[in-house]
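# Examining the three-dimensional arrangement
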Amino acid sequence: QVQLVESGGGLVQTGGSLRLSCAASGRTFSSYAMGWFRQAPGKDRESVAAISGSGGSTGYANSVKGRFTISRDNAKNTMYLQMNSLKPEDTAVYYCAAANSIFISRAPTAFGSWGQGTQVTVSS
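Figured I'd write up the structure that's included with this text. (Residues numbered from 1 in each chain as written. Predicted model: local features only at pLDDT ≥ 70, side-chain atom pairs only at ≥ 80, totals over all residues. Heavy atoms only, no water.)

## Considerations on the pairing of strand E8 (residues 78–83)
Selection criterion: Throughout this description, buried means an accessible area under 20% of the type-specific maximum (1.4 Å probe, protein chains only), exposed means over 50%, and partly exposed covers the range between. Note on conventions: DSSP H or I runs of at least 4 residues are helices, E runs of at least 2 residues are strands, and numbering of each starts at the N terminus. Strands qualify as paired when DSSP identifies two bridges or more between them.
Burial of E8 is extensive: five of the six residues sit out of reach of the surface. Direction of pairing for strand E3 (residues 18–25) relative to E8: antiparallel, over a ladder of six bridges. Counted as the bridge partner of Arg19 is Gln82 from E8.

Below, the structure written as structure tokens:
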């Protein structure tokens, strides 16, 4: 089992930036892919971005391509999500998740461990 703790959420104006972090413990960090998901009020949880165990492969939702960057530091057991040019529609609770495999996936069913979530609010 992997334990995950997110940080870095907050309130930001349209066009601003935030950097989310996800600290992991419990398994060898580089042995599993990871991802960021978000859930807005009244909506289903959706994949935002994912990264392979090595960090060599990444994938993004179309809605965030070119604005968000996922990365990981395997020496620090930490994953990041750099969010630029934020829009009000990015407002949601953001969750990090650890996959059951080293290979990249954005399907929620591929992830077995989840963090508690961090709120991101973008004001217009």
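## Considering the state of the cysteines
The following threshold applies: In this description, the term disulfide denotes a pair of cysteine sulfurs within 2.5 Å.
Inspection of every chain in the model, using the stated rule, returns one disulfide. In this model Cys22 forms its disulfide with Cys96; the gap between the sulfur atoms is 2.1 Å. Its torsion about the S-S bond being 55°, the disulfide of Cys22 and Cys96 is classed as right-handed. Here Cys22, found in strand E3, pairs with Cys96, found in strand E9 (residues 92–99); they are 74 residues apart in sequence, far enough to count as distant. Comparing Cys22 with Cys96, the two get one shared label, buried.

## Quick word on the packing of aromatic side chains
What counts here: Aromatic contacts are taken between Phe, Tyr and Trp rings whose centres are within 6.5 Å, Trp giving its six-membered ring; a plane angle under 30 degrees counts as stacked, one over 60 as edge-to-face, and the others as tilted. In this scheme, Lys NZ or Arg CZ marks a charge over a ring once it lies within 6 Å of the ring centre and within 35 degrees of the ring normal.
Throughout the structure, instances matching the rule amount to four aromatic pairs. Relative to Tyr32, the ring of Phe29 lies with its centre 5.7 Å away and its plane at 85°, an arrangement referred to as edge-to-face. The same class applies to Phe29 and to Tyr32, which are both buried. Ring geometry for Phe111 against Trp114: centres 6.2 Å apart, planes inclined by 55°, an arrangement best described as tilted. Assessed through its relative accessible area of 30%, Trp114 is described here as partly exposed. Directly above the ring of Tyr80 sits Arg19, whose terminal nitrogen or CZ lies 4.0 Å from the centroid. If you follow Arg72 out to its NZ or CZ, it ends over the ring of Phe29, 4.3 Å from the centre.

## Overview of the sheet that holds E8
The pairing of strands in a sheet happens through backbone hydrogen bonds and is either parallel or antiparallel. We count it as follows: Each axis is a line fitted through C-alpha atoms, taken for helices only over the stretch in contact, and angles between the N-to-C directions span 0 to 180 degrees.
The strand order E1-E3-E8-E7 describes an open sheet built from four strands, whose pairing is antiparallel. At either margin of the open sheet sits one strand with a lone partner, and together these are strand E1 (3–7) and strand E7 (68–73). In this sheet, neighbouring strand axes are inclined to one another by 15° on average, regardless of whether the strands run parallel or antiparallel.

## So, the pattern of salt bridges
Here is the rule we go by: Only one rule defines a salt bridge in this text: a Lys or Arg side-chain nitrogen within 4 Å of an Asp or Glu carboxyl oxygen.
On inspection of all chains with the given rule, the structure shows three salt bridges. Residue Glu46 is joined to Arg38 by a salt bridge in which the shortest nitrogen-to-oxygen separation is 2.6 Å. When the shortest N-O distance is used, the salt bridge between Asp90 and Arg67 registers 2.7 Å. Here Arg67 lies in the loop between strand E6 (58–60) and E7 and Asp90 lies in the loop between E8 and E9, a separation of 23 residues in the sequence. As far as the burial class goes, Asp90 and Arg67 line up, both buried. One network of salt bridges, in which partners are shared, links Arg38, Glu46, Arg67 and Asp90.

Interpretation note: all reported values are geometric properties and have no functional meaning in isolation.
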